[in-house]
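# Structural description and commentary
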Amino acid sequence: MDFDEIKYVIDITISKTDALIIVDMQNDFMPNGTLPVREGNQIIPGINQIIKIFYEKGESIVLTQDWHPKTHKSFASNHPGKNPGDKYQIEAIGPILWPNHCIQGTNGAEFHNSLEISYARAIIRKGMNPEIDSFSGFLEYDKKTKTGLSGLLKSLNIKRVFICGLALDYCCYFTAMDGVDFGFKVYFIVDLTRGIDIPEGNISQTLSNMKVKGIKFANLNSFV
Ligand code: VGL
Ligand code: ZN
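What comes next is a walk through the structure. (Residues numbered from 1 in each chain as written. Chains lettered and ligands numbered in written order. Predicted model: local features only at pLDDT ≥ 70, side-chain atom pairs only at ≥ 80, totals over all residues. Heavy atoms only, no water.)

Our next topic: the coordination of the zinc ion (ligand 2). Every protein donor of the zinc ion (ligand 2) is accounted for by Asp 66 (OD), His 68 (NE2) and His 101 (NE2), and the metal-donor separations fall at 2.0 to 2.2 Å. Coordination at the zinc ion (ligand 2) is irregular: its 4 donor atoms span angles of 87 to 172° at the metal. Each donor residue of the zinc ion (ligand 2) lies on the same chain, and together they follow the pattern D-x1-H-x32-H. Of this pair, Asp 66 sits in strand E2 (residues 60-66) while His 101 sits in the loop between E2 and strand E3 (122-126); the two residues are 35 residues apart in sequence, bridging distant segments of the chain. According to the relative accessible area criterion, Asp 66 is buried, its value standing at 3%. (Donors = N, O, S within 2.8 Å, 3.2 Å for Na, K, Ca; no water. Tetrahedral: all angles 85-135°; square planar, octahedral: opposite > 155°, others 65-115°. Helix = DSSP H or I, 4+ residues; strand = E, 2+ residues; numbered from the N terminus. Buried < 20%, exposed > 50% of the residue type's maximum accessible area, 1.4 Å probe, protein only.)

As structure tokens, this is what we get:
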């Protein structure tokens, strides 16, 4: 599905049972980072606006943070002879190998300094086990290990989650799909994400999969 085929929800009024999930807005995913997402920095002003909308209504804002040890098995550098982008699929790692990114404690793992992170209720870190990747903010890639996000949101009585950030076709996508499986009504804020599109066509494939899953599409001006 291409962007111009998306039907957007309009007139969203947020309430106490809504949460905003901002995925991986970290330096390494910005255009000058080690795993750059094209135009990844351009969504920051819009994300700051949606943060303000949620904050002023007293709603929950949660950040996710990719947070890998440098020995992480998703890094090509930990597989002699392999390069970033090479296909690689084993239990809990794959489908491709990545450049080193978001290494715990480094500047690349920090949130972009223009992001208004002080309004967030919580930061959920993921991808900390060297043997397990985690694209999703809910469930690591072994499909067993929870990050704690669903428990947090359930204990806050959250029913709907609104997802934005990076990257559209990886961490935002898996977070959205798992959100449905955990019982939340999921909205994907399309203009506040950007994708990697590896392999080529991945953005359009993941958009289609989300539509089939019943995820709603919104953009910044859907919010009243
Ligand atoms: C991501 C690849 C590897 C993401 C994280 O945030 O989309 N992608 N780690
Ligand atoms: Zn990662």
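Here we come to the environment of Asn 27. Positionally, Asn 27 belongs in the loop between strand E1 (18-23) and helix H1 (44-56). Once the C-alpha coordinates of Asn 27 and Glu 110 are considered, the two residues, 83 residues apart in sequence, prove to be 6.0 Å apart. When neighbours within four sequence positions are excluded, Asn 27 is seen to be in contact with Asn 32, Gly 33, Asn 107, Gly 108, Glu 110, Phe 111, His 112 and Asn 113. (Contact = heavy atoms within 4.5 Å.)

Below, the discussion takes up H1. Residue pairs spaced three or four apart in an α-helix point in one direction, given the helix's 3.6 residues per turn. Here H1 contains 13 residues, and its C-alpha end-to-end distance of 18 Å stays within 8% of the 18 Å for a straight helix at 1.5 Å per residue. When H1 is considered as a whole, its buried residues turn out to be Ile 44, Gly 46, Ile 47, Asn 48, Ile 50, Ile 51 and Phe 54. On its buried side, H1 packs onto E1, E2, strand E4 (160-166) and strand E5 (185-194). Once H1 ends, the next one or two residues include Gly 58, with phi positive near 75°. (Expected span 1.5 Å × (residues − 1).)

On to the site of ligand 1, then. In the vicinity of ligand 1, the contacting residues are Asp 24, Phe 29, Leu 35, Asp 66, Trp 98, His 101, Phe 135, Leu 166, Ala 167, Tyr 170 and Cys 171. One of the side-chain N or O atoms of His 101 is found 3.1 Å from a nitrogen atom in ligand 1. Measuring from an oxygen atom of ligand 1, one finds a backbone N or O atom of Cys 171 at 3.1 Å. The fraction of the free accessible surface of ligand 1 (260 Å²) that becomes covered by protein chains is 100%. Residue classes in the shell around ligand 1 are distributed as 8 nonpolar, 1 polar and 2 charged. (Near = heavy atom within 4 Å. Polar contact = N/O pair within 3.5 Å; in protein donor to acceptor, adjacent residues only side chain to side chain. Areas by Shrake-Rupley, 256 points an atom, 1.4 Å probe, with all protein chains shown as cover. Nonpolar A, V, L, I, M, F, W, Y, C, P; charged D, E, K, R; others polar.)

Moving on: the packing of aromatic side chains. Inspection of the entire model under this criterion finds 15 aromatic pairs. Each ring, one from Trp 98 and one from Tyr 170, has its centre 5.0 Å from the other, and the planes form 90°; the classification is edge-to-face. One end of the pair, Trp 98, is in the loop between E2 and E3; the other, Tyr 170, is in helix H3 (residues 168-181), and 72 residues separate them in sequence. Classification of Tyr 170 as buried rests on a relative accessible area of 4%. Here Phe 188 and Phe 217 contribute two aromatic rings whose centre-to-centre distance is 6.4 Å and whose plane-to-plane angle is 85°, an arrangement assigned as edge-to-face. Of this pair, Phe 188 sits in strand E5 while Phe 217 sits in strand E6 (residues 216-218); the two residues are 29 residues apart in sequence, bridging distant segments of the chain. Each of the two residues, Phe 188 as well as Phe 217, counts as buried. An aromatic cluster of three or more residues is present, and its members are Trp 98, Phe 135, Tyr 141, Tyr 170, Tyr 173 and Phe 174. Note that Arg 125 overlies the ring of Trp 67, its terminal NZ or CZ placed 3.8 Å from the centroid. (Phe/Tyr/Trp six-rings, centres within 6.5 Å; stacked < 30°, edge-to-face > 60°. Lys NZ or Arg CZ within 6 Å of the ring centre and 35° of its normal.)

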